[in-house]
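Results of the structural survey
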Amino acid sequence: MFKKTSQSSQTPAVQAPPWRILIVDDEPEVHTITRLTLGDLSFSGRPMEFLSAESAAQAREILDRESDIALAFVDVVMETDEAGLDLVTYIRTELKNTAIRIILRTGQPGKAPERQVIRDFEINDYISKTSASADKLFTSTLTALRAYDGVIALELSNRRLERYREGLEKVIVASANLFEHRSLRLFACGLLRQISGLLFHTEGSLLLSFDGLTVAKRDTNIEVLAKTGRFEAGQISGLPAQVMAKLEQTLENKRSMVINDTFVGYFPTKNGIINMSYLDGISGIDSVDLKLIEIFSKNIGAAFENLYLDQEIYDTQAEIITTLGDVMETRSHESANHVRRVAHLATMMARDLSLPDEECDLIRGASPMHDIGKVAIPDGILLKPGPLNDLEWTKMKEHASIGESIFSRSNRPIFKTAAIIAGQHHERFDGSGYPRGLRSDEIHLHAQIVGLIDVFDALAHRRCYKDPWPMEKILELIRNERGQQFDPMLVDCFLDNFSSVCDILNTFPDSGAVTHCEANQAS
């Protein structure tokens, strides 16, 4: 029968590093005496370690490569009468080492008078070799080490304060940037970059959203908003058990936590959604990092609240605008899908033109209102099945100015954009459009985009006054109007993306007959 041997649970004590003392002297016996006198000395539980240099030049080599020397005993007269003083200047001026304590020792006080040296050089003590006792050496060493320890502690504190200040600045900048995001997924990707860049280099990270179900069901009812590192390898279907265990521990504590080598951020919102970040493989977390995490987490929580509120307002606003556009198109007996196609096609072109995301969002939201001015056009004109006479056409053209006036009273960006699009989408690149006869760059780019898309979609679908045109005839007209009705750049963009145009038309079809659309027709 074998007896199990128990292993000791005690961890071996970690030896504190020794105080490193540099002896700079061209007399070998001075090195020996110093080592013998101070060899048994310890301070704060740390022993002494001695390094020797027999010239100022040799001392420079040691000081250039060693950065943790606490004390240097420096002889004045070595290679030259002032070799020791030159070494002191080198340490303080060129190396910019203000922490090391320097005790100047000399056997020739006349070469370096004590008062003059203390006044002119940044040393910490002055000892005459001829009169120095063991007690004096012992006392001077302890005093120097105590001072060095205090200086290092102060420098460390200052560095930590500076790091905290820099980290806090990053928190402020990062938080401000996060508030600018509208899309939840854009926000999520930005959030992971900000957290990782703020403090950590991670092996992988996740941003997760829970729908408020019980913890036991969260592993199958979880949305991965963003992921980096090792989590990008494939689609996540159910999180690993060790990940869920840390998430559940954080959920139970209802606060951001550092668990072993993982940071788990906890960002609840008032609508019951809980967002969490998971940063794996972090190291070196200290109290400063934790404080910065706490500040950043509070800002992220507020950002999520504002994001959801902003998204709700934006979605409500977009829904109202689209509904009004639907009502307008229904009144003119056109399909409600017209405004959806215009919105998607215009946004597609805006993105291909590399317009900022904010502008693309404005175009998508405002373009359904391009014909809102038709609300003031009489049914007899709006629904006339045939061509309009001159008087009727003059009245119909008023819808552009009316639509602009409806929205121009608002200072909100989306309605200001709607005013521009409504008022200018019938202007022509050559200046022959209405209502103002604007030309070229005088016409806002947003209105030019919607103007081209509106013409294309109207020709491709049935209207009360016409049947849909064949696609070849529509594309021929668009090419012929390049530089006349339409900006050449926009015509090229439209034709280059015609496969996407067809995809959008097929996604939002009309119930009536429409022109057949295939990508190869644009070539």
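For the structure, check the block above.
Everything in this summary refers to the structure shown in the same document.

Criteria and thresholds
- Residues numbered from 1 in each chain as written.
- Predicted model: local features only at pLDDT ≥ 70, side-chain atom pairs only at ≥ 80, totals over all residues.
- Heavy atoms only, no water.
- Helix = DSSP H or I, 4+ residues; strand = E, 2+ residues; numbered from the N terminus.
- Buried < 20%, exposed > 50% of the residue type's maximum accessible area, 1.4 Å probe, protein only.
- Contact = heavy atoms within 4.5 Å.
- Areas by Shrake-Rupley, 256 points an atom, 1.4 Å probe, with all protein chains shown as cover.
- Pairing = 2+ DSSP bridges.
- Axes fitted to C-alpha atoms, helices over the stretch in contact; angles between N-to-C directions.
- Salt bridge = Lys/Arg side-chain N within 4 Å of Asp/Glu carboxyl O.
- Phe/Tyr/Trp six-rings, centres within 6.5 Å; stacked < 30°, edge-to-face > 60°.
- Parallel < 35°, antiparallel > 145°, perpendicular 65-115°, else oblique.
- Left-handed = near helix turned anticlockwise from the far one by under 90°.
- Nonpolar A, V, L, I, M, F, W, Y, C, P; charged D, E, K, R; others polar.
- Disulfide = S-S within 2.5 Å.
- Core = buried A, V, L, I, M, F, W, Y, C linked by side-chain atoms within 4.5 Å.
- Expected span 1.5 Å × (residues − 1).

1. Focus on the overall build of the protein
Assigned secondary structure in the protein consists of 18 helices and ten strands. By residue count, 44% of the 523 residues in the protein fall in the buried class. Counting contacts in the protein only where the partners sit at least 6 residues apart, residues at least 24 apart contribute 65% of the total. Of the accessible surface of the protein, which amounts to about 27000 Å², a share of 52% is contributed by carbon and sulfur atoms.

2. Considerations on the sheet that holds strand β7 (residues 222-229)
Reading across the sheet, the five strands line up as β7-β6-β10-β9-β8 and stay open at both edges, with antiparallel pairing between neighbours. If you trace the sheet from one side to the other, it starts and ends with β7 and β8 (257-259), each paired once. This sheet shows a mean twist of 15 degrees between the axes of neighbouring strands, independent of strand direction. When strand β9 (residues 262-268) meets strand β10 (residues 274-280), the two strands line up antiparallel, connected through seven bridges. Bridged to Thr262 within β10 is Asp280. Across the sheet, helix α8 (residues 241-253) is in contact with β6 (204-210), β8, β9 and β10; its angle to β10 comes to roughly 130 degrees.

3. Digging into the pattern of salt bridges
Under the criterion given, the structure shown has 19 salt bridges. Residue Asp357 is joined to Arg351 by a salt bridge in which the shortest nitrogen-to-oxygen separation is 3.6 Å. Among the salt bridges present, the one from Glu404 reaches Arg436, with a minimum N-O distance of 2.8 Å. With Glu404 in helix α13 (residues 390-408) and Arg436 in the loop between α14 (413-424) and α15 (445-460), the pair connects residues that are 32 residues apart, well separated along the chain. Among the residues examined, Glu404 registers a relative accessible area of 18% and is labelled buried.

4. Observations concerning the packing of aromatic side chains
Evaluated as defined, the whole model comprises seven aromatic pairs. Relative to Phe43, the ring of Trp19 lies with its centre 5.5 Å away and its plane at 40 degrees, an arrangement referred to as tilted. In this pair, Trp19 is assigned in strand β1 (residues 19-24) and Phe43 in the loop between α1 (28-38) and β2 (48-53), connecting sequence segments 24 residues apart. Under the relative-accessibility criterion, Phe43 is labelled buried at 11%. Summarising the aromatic geometry, the rings of Phe407 and Phe415 are spaced 5.8 Å apart at their centres and angled 10 degrees between planes, so their arrangement reads as stacked. Linked through ring pairs, Trp19, Phe43 and Tyr148 together constitute an aromatic cluster.

5. Description of the packing of helix α10 (residues 337-352) against α15
Put simply, α10 and α15 touch, their axes get as near as 9 Å, and they point 135 degrees apart. The pairing of α10 with α15 is recorded here as oblique in orientation. Handedness of the α10/α15 crossing: right-handed. Contacts between α10 and α15 pair His338, Arg341, Val342, Leu345, Ala346, Met349 and Ala350 from the former with Ile449, Val450, Leu452, Ile453, Asp454, Phe456 and Asp457 from the latter. Classifying every residue of the contact of α10 with α15 by side-chain character gives ten nonpolar, one polar and three charged.

6. Side note on the state of the cysteines
Tallying each qualifying case throughout the model produces one disulfide. Cys502 shares a disulfide with Cys517; S-S distance 2.1 Å. The sign of the S-S torsion, about -75 degrees, decides the handedness of the disulfide formed by Cys502 and Cys517: left-handed. Of this pair, Cys502 sits in helix α18 (residues 498-507) while Cys517 sits in the segment after α18; the two residues are 15 residues apart in sequence, bridging distant segments of the chain. What makes Cys517 buried here is its relative accessible area of 8%.

7. Thoughts on the nonpolar core
In terms of nonpolar packing, the biggest core is built from 42 residues, with Met349, Phe456, Phe494 and Phe498 touching the most fellow members. Grouped together as the second largest cluster of nonpolar side chains are 26 residues, Met78, Ile91, Ile100 and Leu104 included.

8. Looking at the sheet that holds β1
With parallel pairing, the five strands of this open sheet are ordered in space as β2-β1-β3-β4-β5. A single partner strand is all that each edge strand has here, and the edge strands are β2 and β5 (125-128). Strand-to-strand twist in this sheet, taken as the mean axis angle between neighbours without regard to direction, amounts to 20 degrees. Docked against the sheet, α1 engages β1, β2, β3 (69-75) and β4 (101-106), running at close to 175 degrees with respect to β2.

9. What to know about helix α3 (residues 83-94)
For α3, spanning twelve residues, the distance from its first C-alpha to its last is 15 Å, which sits close to the expected 16 Å at 1.5 Å a residue. Inspection of α3 places Ala83, Gly84, Leu85, Leu87, Val88, Tyr90, Ile91 and Arg92 among the buried residues, and these make up the whole buried set.

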